[in-house]
Amino acid sequence: MANDQQRLLYLFELPQEPIQTPRGGGSVQFKLENDDSPPSVATRVGLSPSVSVPVPERKDVALQDLGTATSIPMGSAFSFFLASHRRAARDLCNVFMKTNGAEDLMQVAARVHGKVNETLFIYAISFVILRKKELHSVRLPTMVEVFPSRFVPQEALSRAQLQVNRMDPNQSEAVIIEHGPEFSGSPVKPEHRVSYWREDYGINVHHWHWHLIYPPGMGVDRDRKGELFYYMHQQIIARYDMERLSLGLPRVQKLDNWRVPIEDGYFPKLTVNNSGRAWGSRQDNTLPKDFRRTEIGDPVDITDLEIWRARLLGAIHQGYMVDRNGDKVPLRDDVTSGKRGIDILADALEADADHSVNFPYYGDLHNIGHDILAFSHDPDNAHKEEMGVVGDLGTSLRDPVFFRLHKLVDDLFQEYKLTQPPYKEEELFFPGVRIERAGVVRDDEADVLLTGWNTREFEASRGIDFNGRPVILRLTHLGHKPFDYHIQINNDLREPKEVTVRIYLAPKFNGREQEMNFMEQRILWCELDKFTVHLKPGKNHVVRSSKESSITNLEELTFKDLENSGPGNSSEQSAFNFCGCGWPQHMLLPRGRPEGMAFQLFFMLTDYAKDKVSNSGGVRRCANGVSFCGMQDAKYPDARPMGFPFDRRPAPTLQGLPVNTTADYARLGNAFMHDVTIKFLGDKLN
């Protein structure tokens with residue numbers, strides 16, 4: 001085929017079907033040497049593939065070469081939270097990593113296809129493409145098209161299949177599946193009012209992609225990996241809380257007692273891997289139970305979770321962890337070399353057995369927490385039910401209990417952060433640089449931002465075979481009108497200066513409609529952007545588009561986008577896969593309210609000379625997603641702790657006056673607070 005992108009793209013298509021099934025709208029077909037499958041497998045009525053992809057025999061893909069990769073049944077769920085599934089992923093990735101170039105990987109993967117679990121196959125192919133330097137020009141298609149059954153109910157897919165079956169063979173128009181914004185439940189239960197946010201395709205794809213880049217147990221040790229685990233999930237919780245406050249709901253409560261029933265159930269109405277096998281459902285008031293699915297993992301008791309949490313809390317307040325040799329490992333963030341305490345704590349909490357200072361002692365709180373919740377409806381396999389969606393990286397955010405678990409995890413991180421000394425005035429203040437004014441402008445209107453419903457279309461027929469017919473998935477999602485930041489800065493120095501601009505957003509009022517003090521608002525601040533700007537001496541007017549955000553990714557790339565992308569060798573394309581894990585651009589803002597909801601923007605300038613990180617030449621930079629995802633083959637590009645300056649409690653005084661609210665930070669010339677309003681327009685956004 002023409003290029004590396006084309007060689008590998010169609011391995012992602014129709015993951016449930018035999019590899020010989022025509023792909024690319026019927027134009028591409030893998031031809032296996034000495035293929036003994038029946039002719040019906042490789043044929044479709046009315047399809048005549050114009051491109052044949054030869055796949056020779058391989059001696060290095062026998063079942064015994066795949067290790068535990070074949071242990072996960074076809075058509076079942078694959079969970080990276082399960083240690084046995086992580087081992088299977090590592091074994092399959094090791095096979096793929098031994099290949100040399102796109103052609104070699106394509107041949108090996110095509111031969112492995114059909115021998116291993118479908119989701120595991122897609123995970124391993126994606127993992128290897130991201131990590132092999134010779135494949136950095138190859139981009140991944142959106143998971144919405146690879147596994148559409150993870151994003152729309154089986155009922156909708158079945159109706160589309162029925163419609164296709166009834167169509168005249170000469171009809172060529174596509175079948176349309178509409179989905180949203182009602183999503184999985186009615187508004188009768190309060191939690192269902194925010195299901196559009198939890199079930200958003202972009203948020204769930206982001207979570208899958210982030211863990212693909214920063215997985216535990218895969219030998220990955222990227223710069224500040226543990227701190228990114230903390231910060232990215234903390235920001236998800238903060239954004240979820242902002243959305244809940246927009247709807248008049250209370251902020252999420254942590255799951256701190258595993259011995260009482262979970263009030264809210266969850267019924268996903270989805271199927272696994274396009275296979276028709278339903279995800280498990282959790283009834284209201286389900287009591288978490290000891291994990292006894294011995295066919296996929298070792299037994300774990302609720303007591304183990306309680307012990308691990310107590311040990312982690314003890315380490316936080318003692319100021320050190322204990323490694324396997326019995327030596328103390330200090331926990332502190334103000335270090336000049338080595339890992340920060342937040343990194344060390346996160347590696348033990350997530351947990352990554354490869355990097356935890358003492359995995360047997362501090363345990364596996366986060367991963368096992370997911371496992372126990374995912375199997376709470378059938379903890380011992382008595383009913384042979386599939387796991388719940390909270391057990392899968394690409395669907396777990398759909399379930400309200402995900403946020404309760406991660407609120408528990410974040411509570412431990414915040415407990416640690418509050419043990420760290422407050423920032424000193426000299427760490428916050430940037431003399432010689434002042435923000436005179438700052439705000440936002442949208443369509444020539446200042447300080448009013450608009451949100452509402454938008455739609456995006458994907459090809460469901462790329463992931464599910466509808467007898468070769470095109471089927472379009474039209475998803476309704478939250479969106480917003482683009483806007484610009486305007487910042488007027490005075491550089492009182494007599495020379496040009498490089499500065500870092502940090503922009504955060506938080507609700508102005510809490511759930512009781514009261515203005516918040518610093519500590520209440522502290523963990524609600526959501527990063528909107530972070531960028532470097534060159535200031536000339538004197539007055540500077542900085543304008544920055546919301547589309548350039550440091551936390552968001554580019555639009556999800558469809559199969560059609562990638563088919564039409566050309567050779568795919570530009571530096572921008574090289575960086576995309578890595579940066580594709582960013583927060584979805586369409587979810588940059590919270591919903592707000594129809595009458596308008598008060599929010600606050602916080603702007604801060606810091607000295608880039610102190611922020612910059614030394615990276616070797618030739619580093620692939622990417623403009624998108626860097627705050628949540630770091631940089632490819634490089635150190636995280638900000639020396640300060642993630643979330644600065646809100647990651648710690650404030651000092652009692654600043655410039656001789658008490659610090660009670662965030663506005664008190666704005667006494668510094670390099671900081672600025674500004675009120676904005678966010679209005680939700682519903683269907684009237686466009």
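Treat the numbers as computed from the prediction; the structure is a model and nothing was measured. (Residues numbered from 1 in each chain as written. Predicted model: local features only at pLDDT ≥ 70, side-chain atom pairs only at ≥ 80, totals over all residues. Heavy atoms only, no water.)

### A closer look at the sheet that holds strand β15 (residues 538-545)
Next up, step 1: Spatially, the four strands line up as an open sheet ordered β9-β8-β12-β15, and their pairing is antiparallel. Each edge of the open sheet carries a strand with a single partner, namely β9 (445-446) and β15.
Next up, step 2: When strand β8 (residues 433-442) meets strand β12 (residues 484-491), the two strands line up antiparallel, connected through eight bridges. Bridged to Ile435 within β12 is Ile489. (Pairing = 2+ DSSP bridges. Helix = DSSP H or I, 4+ residues; strand = E, 2+ residues; numbered from the N terminus.)

### Considerations on the domain arrangement of the protein chain
Next up, step 1: Splitting the protein chain by domain gives domain 1 (4-138), domain 2 (190-419) and domain 3 (425-453 + 478-566 + 577-684).
Next up, step 2: The distance between the C-alpha centroids of domain 1 and domain 2 comes to 30 Å.
Next up, step 3: With 24 residues of domain 1 in contact, the opposing surface of domain 2 contributes 34 residues.
Next up, step 4: Counting across the domain 1 and domain 2 interface gives two salt bridges.
Next up, step 5: For the pair domain 1 and domain 2, the interface holds seven residue pairs in polar contact (both at pLDDT 80 or more).
Next up, step 6: Within the residue set of the side of domain 1 that touches domain 2, elements represented by two or more residues are α2 (83-97) and α4 (118-131).
Next up, step 7: Element by element, the count of residues in the side of domain 1 that touches domain 2 is highest for α4, at seven residues.
Next up, step 8: By residue class, the composition of the side of domain 1 that touches domain 2 is eleven nonpolar, nine polar and four charged. (Domains from an automatic or database assignment. Contact = heavy atoms within 4.5 Å. Salt bridge = Lys/Arg side-chain N within 4 Å of Asp/Glu carboxyl O. Polar contact = N/O pair within 3.5 Å; in protein donor to acceptor, adjacent residues only side chain to side chain. Nonpolar A, V, L, I, M, F, W, Y, C, P; charged D, E, K, R; others polar.)

### A closer look at the UniProt feature "domain: Tyrosinase copper-binding" (unreviewed entry) in the protein chain
Next up, step 1: The residues that UniProt annotates with the feature "domain: Tyrosinase copper-binding" (unreviewed entry) are residues 399-410.
Next up, step 2: Secondary structure across residues 399-410 divides into 92% helix and 0% strand, with the first and last C-alpha atoms of the span separated by 17 Å. (UniProt positions renumbered as here; feature names shortened; annotations may be inferred.)

### Re the pattern of salt bridges
Next up, step 1: Inspection of every chain in the model, using the stated rule, returns 52 salt bridges.
Next up, step 2: Its salt-bridge partner being Asp264, residue Lys189 comes within 3.8 Å of it at the nearest N-O pair. In this pair, Lys189 is assigned in the loop between β3 (175-179) and α7 (195-198) and Asp264 in the loop between α9 (225-246) and β4 (271-272), connecting sequence segments 75 residues apart.
Next up, step 3: Since its relative accessible area comes to 27%, Lys189 is described here as partly exposed.
Next up, step 4: In this structure, Asp290 and Arg292 form a salt bridge, with 3.9 Å as the shortest nitrogen-oxygen distance. (Buried < 20%, exposed > 50% of the residue type's maximum accessible area, 1.4 Å probe, protein only.)

### Some remarks on the pairing of strand β13 (residues 497-507)
Two faces belong to every sheet, and in a regular strand the side chains alternate between them.
Next up, step 1: Within β13, ten of the eleven residues are buried, which leaves it mostly tucked inside the rest of the structure.
Next up, step 2: As defined by bridge partners, β13 adjoins strand β14 (residues 526-535) across nine bridges and the pair is classed as antiparallel. Among the inter-strand pairings, Tyr504 is bridged to a residue of β14, identified as Glu527.
Next up, step 3: Pairing geometry for β13 and strand β16 (residues 597-607), over nine bridges, is antiparallel. If you follow Tyr504 over to β16, its bridge partner there is Phe602.

### Quick word on helix α10 (residues 302-318)
Next up, step 1: Its 17 residues place the ends of α10 25 Å apart at the C-alpha level, agreeing with the 24 Å of an ideal helix rising 1.5 Å per residue.
Next up, step 2: Turning to α10, its buried residues are Ile302, Leu305, Trp308, Arg309, Leu312, Ala315 and Ile316. Burial along α10 is one-sided: seen end-on, the buried residues are contained in an arc of 150°. Structural note: α10 exposes His317 and Gln318 on the side pointing more than 90 degrees away from its buried face. (Expected span 1.5 Å × (residues − 1). Arc of directions from axis to C-beta.)

### Re unusual backbone geometry
Next up, step 1: Residue Ala351 follows Glu350 across a cis peptide bond; omega there is 0°.
Next up, step 2: Counting through the fold element by element, Ala351 comes out in the loop between α11 (341-350) and α12 (359-362).
Next up, step 3: Positive phi outside glycine occurs at Asp443, with the angle close to 50°.
Next up, step 4: Here Asp443 lies in the loop between β8 and β9.
Next up, step 5: Positive phi is not limited to glycine here, since Glu513 has a value of about 60°.
Next up, step 6: Along the chain, Glu513 turns up in the loop between β13 and α16 (518-522).
Next up, step 7: Taking relative accessible area as the criterion, Glu513 reaches 44% and is therefore assigned partly exposed.

### Let's talk about the sheet that holds strand β19 (residues 671-680)
Next up, step 1: What the seven strands build is an open sheet, ordered β3-β11-β10-β19-β16-β13-β14; its pairing is mixed. Here the strands that pair on one side only, and so sit at the sheet edges, are β3 and β14. Adjacent strand axes in the sheet meet at a mean angle of 30° when their direction is disregarded.
Next up, step 2: Relative to β19, β16 is paired through eight bridges, and the arrangement is antiparallel. In the strand pairing of β19, Phe599 is matched with Val676. (Axes fitted to C-alpha atoms, helices over the stretch in contact; angles between N-to-C directions.)

### Thoughts on the nonpolar core
Next up, step 1: The biggest cluster of nonpolar side chains holds 203 residues, and the ones touching the most others in it are Leu11, Phe96, Trp197 and Ile487.
Next up, step 2: It is α9 that contributes the most residues to this core, eleven residues altogether.
Next up, step 3: With near-sequence residues (within four places) excluded, Leu11 lies in contact with Ile19, Phe30, Met106, Ala109, Ala110, Phe121, Ile122 and Ile125. (Core = buried A, V, L, I, M, F, W, Y, C linked by side-chain atoms within 4.5 Å.)

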